[in-house]
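Here is what each chain is made of, one letter per residue.
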Amino acid sequence: MRAVADRLRLRLGDAPLVRDREIAATYAVDASFWARPPVDFTVVRARDEADVVAVLDEAQAHGIPVVPQGARTALTGAACATEGSIVLNVEDLRGLDIDPVEGHARVGPGIVTAELKAAAAQVGLHYPPDPASVDSCTIGGNVATNAGGLCCIKYGVTADYVTSLEVVLPGGQRMRTGKRTAKGVAGYDLTGLVVGSEGTIGVVTSVLVRLVPAPDPALTALATFDSLDAAVRGVLALREDRHRPALLEFLDRASIAAIQAVGDFGFPTGCEAALLVQSDRAGHAAEDVDRYAATLAAAGATEIAVADNPSEADLLMRGRRMLNNALEAKGGRLAEDACVPVARLADFVRLGQDISARTGVEITLSGHGGDGNLHPSLFFDREDVDGWHRAEAALAELLRAALDLGGTITGEHGIGVQKRPYLVWELGEPELARQRAVKALFDPRGIMNPGKVF
Ligand SMILES: Cc1cc2nc3c(=O)[nH]c(=O)nc-3n(C[C@H](O)[C@H](O)[C@H](O)COP(=O)(O)OP(=O)(O)OC[C@H]3O[C@@H](n4cnc5c(N)ncnc54)[C@H](O)[C@@H]3O)c2cc1C
């Protein structure tokens, strides 16, 4: 590995190399619970596009694996260093330039998502993608994982906003994809190929995103239910509303119990499910949440609270925001991701509860119910290797159940290392072979994030 670091030092100088091993180790892992640094890896914090070009040229020439990296919030192992790799961190590529007339922003991959949202808001515009990690994840990471989040039911995912990319390919060649105009149909959609490719094709060095007019501050309704079917009836009815909610989150009874174990967030004891719904429609949010509340009452909600101002709306969201901490507090956890057709949501939750009862693995099922996209958490004792294996076996059953219901093994977190064994279940061999062939076209030596996705 000394040879790799020495070679990079000759090309780049000392400055971008992270030499302190303890600091370097923090770059070697992402947020997946099992991530451990390998023995042999080199970390480069690129200062600019030229550094990225030099690293990918050197890596291609010598067949060295490269792990592109943003803020390391991936939950799948996608951003973890592998043995002998160069970790190429691009958090310092941070340009941000908004053009209000075209309604777009040119963004460096290292800009944190919340920074882009705040900058857009200052000129009356809105960048909608809203992963729960918004305060720490980067635009480059969001592009590479096609990140979703809480507001997809109305606004869609990252792919719906990316119109053009600058990408450095293995060997150091620069490629610009997509269009910089409001319309454009020239050739294949290579922007769409790179979005969601998890660093397996090239390194994104610049992103052009579409912005939309700023909405109003969101208002919220919180409804609780004593039956799962009633809650899912509510989800389906709200999806048919002429004005789609900006957020529609689902909590099952196990998630509610975990939240209430941390503090009293106002959920009644014994309730089976809860829904949080928001409107941010300019000039109409109050009328929308009142209508949503009536819809949920008709679906069978037992209790409904409606916030008629933004600070009350924020209070109603407190329990949902506490969810991740509450689940973390329970111990070892596989933080998972699957998506089913919305009409099959109740079936999916029930199957998850059955798997939990049968295997003895505690499972909570909550998340972006309005999209049919849940984040199951499967718990195990950190000291008990068998417990972890049981949780993984239960996860495999849960993913199979999602596929059998017509769903997918990942709604928004991606494949990474964690879900690699299951990808063939979803794609089948014919598509998987063609996906590998597409990767090989861009990355013939297989240096881009090897061992991830495929
Ligand atoms: C508490 C928590 C909540 C989360 N909530 C959500 C959520 O609601 N919705 C959601 O979708 N995700 C969520 N995530 C997952 C994660 O935040 C996203 O996948 C995010 O997009 C990763 O961004 P990052 O900057 O941390 O990228 P990293 O973790 O550093 O990298 C992720 C992937 O992108 C690649 N990559 C990064 N930058 C580049 C680049 N410039 N060029 C090419 N490839 C690159 C990496 O190689 C890796 O494959 C959550 C994570 C946590 C910890």
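All values derive from a computational prediction rather than experimental measurement. (Residues numbered from 1 in each chain as written. Predicted model: local features only at pLDDT ≥ 70, side-chain atom pairs only at ≥ 80, totals over all residues. Heavy atoms only, no water.)

Assignment of secondary structure puts Val289 in helix α10 (residues 285-299). Note: C-alpha distance between Val289 and Cys151 (138 residues apart in sequence) is 15 Å. Once you skip the residues sitting within four places of it in the chain, Val289 turns out to touch Leu219, Thr220, Ala221, Val277, Ser279, Val306 and Ala307. (Helix = DSSP H or I, 4+ residues; strand = E, 2+ residues; numbered from the N terminus. Contact = heavy atoms within 4.5 Å.)

Turning next to the site of the ligand. In the vicinity of the ligand lie 35 residues, with Pro68, Gly70, Thr73, Ser133 and Thr138 positioned nearest. Between the ligand and the protein, one listed contact pairs an oxygen atom with a backbone N or O atom of Arg72 at 2.8 Å. Relative to its unbound accessible surface of 980 Å², the ligand loses 94% to contact with the protein. Taken together, the elements giving at least two residues each to the shell around the ligand come down to β3 (66-69), α5 (139-145) and β10 (203-210). Tallying contributions element by element places α5 first for the shell around the ligand, with five residues. Split by residue class, the shell around the ligand holds 15 nonpolar, 17 polar and three charged. (Near = heavy atom within 4 Å. Polar contact = N/O pair within 3.5 Å; in protein donor to acceptor, adjacent residues only side chain to side chain. Areas by Shrake-Rupley, 256 points an atom, 1.4 Å probe, with all protein chains shown as cover. Nonpolar A, V, L, I, M, F, W, Y, C, P; charged D, E, K, R; others polar.)

Moving on: the pairing of strand β8 (residues 162-168). Counting buried residues along β8, six of its seven residues qualify, which places the element largely inside the surrounding structure. In this structure, β8 lies alongside β10, joined through six bridges in antiparallel fashion. Among the inter-strand pairings, Val162 is bridged to a residue of β10, identified as Val209. Judged from the five bridges that link them, β8 and strand β9 (residues 174-178) form a sheet pairing that is antiparallel. Of the residues in β9, the one forming a bridge with Val168 is Arg174. Hairpin connection from β8 to β9: five residues lie between these consecutive antiparallel strands, with Gly171 at a positive phi of about 100 degrees. (Buried < 20%, exposed > 50% of the residue type's maximum accessible area, 1.4 Å probe, protein only. Pairing = 2+ DSSP bridges.)

Turning to the pairing of strand β4 (residues 85-89), a few remarks are in order. Across the five residues of β4, five count as buried, placing the element largely inside the fold. Residues Ser85, Val87 and Asn89 point to one face of β4 and Ile86 and Leu88 to the other, with burial holding for every one of them. Across five bridges, the pairing between strand β2 (residues 41-45) and β4 is parallel. For Thr42, the partnering residue across the bridge sits in β4 and is Ile86.

Moving on, we get to helix α12 (residues 345-359). In an α-helix, one turn spans 3.6 residues, which is why side chains three or four residues apart end up on the same side. Between its first and last C-alpha, α12 extends 21 Å over 15 residues, near the 21 Å set by a 1.5 Å rise per residue. Among the residues of α12, those classed as buried are Leu345, Ala346, Phe348, Val349, Gly352, Ile355 and Ser356. The secondary structure elements touched by the buried residues of α12 are α8 (228-239), β13 (247-252), β17 (338-339), β18 (363-364), β20 (373-374) and α13 (385-404). Immediately downstream of α12, the backbone of Gly360 shows phi near 80 degrees, a positive value. (Expected span 1.5 Å × (residues − 1).)

Here we take up the sheet that holds β17. As summarised here, the arrangement of the seven strands in space is β15-β12-β14-β13-β19-β20-β17, forming an open sheet in which the pairing is antiparallel. Each end of this open sheet is capped by a strand with a single partner; those strands are β15 (303-306) and β17. In terms of strand pairing, β13 meets strand β14 (residues 273-279) through six bridges, oriented antiparallel. Across the sheet, residue Leu247 finds its bridge partner in β14, namely Gln278. Of the strands in this sheet, β12 (219-225), β14 and β15 touch α10, which is tilted by about 155 degrees from β14. (Axes fitted to C-alpha atoms, helices over the stretch in contact; angles between N-to-C directions.)

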